[in-house]
Amino acid sequence: MKLIVGLVGYPNVGKSSTINSLIGEKKVSVSSTPGKTKHFQTILLSNEIMLCDCPGLVFPQFATTKADLVCDGVLPIDQLKEHTGPVSLLVKRLPREILEATYGLNIKTRGVEEGGDGSVTAENFLVAYASMLISFCLWQYFV
């Protein structure tokens, strides 16, 4: 009797890569883009063990939003039409100092006196990022 081990989980979490590592060679294709595995596949690890690779599964009752799925690497960013959701999660998860240092930004926020609370919003971040890109492009053009 063979032991059958199935790998099940979200897309793009390493199911196929794990199988290739266990086998010691590339037997199943892998990609950094979620959804590469299209069909259920079986691979013999030994005479006693069979591995089963299946496409990634997303269970809607456990998923919160598309923005969460994009930030968690489950959905490719190009499948999202609305960009402020993932950016809002990004600015909530990362401190302002990290965002500014990583992207070379100076993020302007609205203080209490201006009707804000001083925290970084998706709009603040995107405006700062766009301004940085425009400045860079103009610099490249005139240099």
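Structure first, text after, so check above.
It should be emphasised that the depicted structure is a prediction, and the values quoted were computed from it without experimental measurement. (Residues numbered from 1 in each chain as written. Predicted model: local features only at pLDDT ≥ 70, side-chain atom pairs only at ≥ 80, totals over all residues. Heavy atoms only, no water.)

1. Here's the deal with the overall build of the protein
Which entries qualify depends on this criterion: Under the scheme used here, helices are H or I runs from DSSP no shorter than 4 residues and strands are E runs no shorter than 2 residues, and both carry numbers assigned from the N terminus. Relative accessibility thresholds used throughout: buried, under 20% of the residue-type maximum; exposed, over 50%; partly exposed, between the two (1.4 Å probe, protein chains only). Whether two residues are in contact is decided by their heavy atoms: any pair within 4.5 Å suffices.
Tallying secondary structure elements over the protein gives 5 helices and 3 strands in all. Helices and strands appear in the protein in the N-to-C order β-α-β-β-α-α-α-α. Within the protein, the proportion of its 143 residues that are buried is 27%. Counted over contacts in the protein with a minimum sequence separation of 6, partners at least 24 positions apart contribute 42%.

2. Considering the packing of aromatic side chains
To be explicit about the condition: Pairs were defined over the aromatic rings of Phe, Tyr and Trp, the Trp ring being its six-membered one, requiring ring centres within 6.5 Å. Orientation was assigned from the angle between planes: stacked under 30 degrees, edge-to-face over 60, tilted for the rest.
Scanning the model with the defined rule gives 4 aromatic pairs in all. Taking the centre distance of 5.8 Å and the plane angle of 90 degrees together, the rings of Y103 and Y129 count as edge-to-face. Separated by 26 residues along the polypeptide, Y103 in helix α4 (residues 96-103) and Y129 in helix α5 (residues 122-142) bring together distant segments of the chain. On the basis of relative accessible area, Y103 is assigned to the partly exposed category, the value being 33%. Between the aromatic rings of F125 and Y129, the centroid separation amounts to 6.1 Å while the plane-to-plane angle is 15 degrees, which identifies the pairing as stacked. Of this pair, F125 and Y129 both sit in helix α5, separated by 4 residues, roughly a single helical turn. An aromatic cluster of at least three residues, connected via ring pairs, comprises Y103, F125 and Y129.

3. Some thoughts on the side chain of D53
Definition in use: Pairs of N or O atoms within 3.5 Å make up the polar contacts considered here, provided that, within protein, one atom can donate a hydrogen while the other can accept it, and that residues adjacent in sequence are counted only when both atoms are side-chain atoms.
Turning to its location among the elements, D53 is positioned in strand β3 (residues 49-53). Separated by 2.6 Å, the side chains of D53 and S16 make a polar contact.

4. Here's the deal with the nonpolar core
Put simply, the rule is: Put simply, a nonpolar core is a bunch of buried Ala, Val, Leu, Ile, Met, Phe, Trp, Tyr and Cys residues held in one set by side-chain atoms that sit within 4.5 Å of each other.
Grouped together as the largest cluster of nonpolar side chains are 9 residues: V87, V91, L99, L105, I107, V120, A122, F125 and A128. Listed by contribution, the elements that provide at least two residues to this core are α3 (84-93) and α5. For this core, the element with the most residues is α5, which contributes 3 residues. Ignoring sequence-local partners within four residues, the contact set of L105 consists of L99, E100, F125, A128, Y129 and M132. Of all hydrophobic cores here, the second largest spans 5 residues; its members include I19, V28, I43 and L51.

5. Quick word on the pattern of salt bridges
Note the following rule: Salt bridge, as applied in this entry: a Lys or Arg side-chain nitrogen positioned within 4 Å of an Asp or Glu carboxyl oxygen.
Across all of its chains, the model carries 2 salt bridges by this definition. Measuring nitrogen to oxygen at the nearest pair gives 3.6 Å for the salt bridge that ties R93 to D68. With R93 in helix α3 and D68 in helix α2 (residues 66-71), this pair connects stretches of sequence that are 25 residues apart. For E100, the salt bridge identified is with R96, shortest N-O distance 3.3 Å. Here E100 and its partner R96 are both found in helix α4, 4 residues apart, which amounts to about one turn of the helix.

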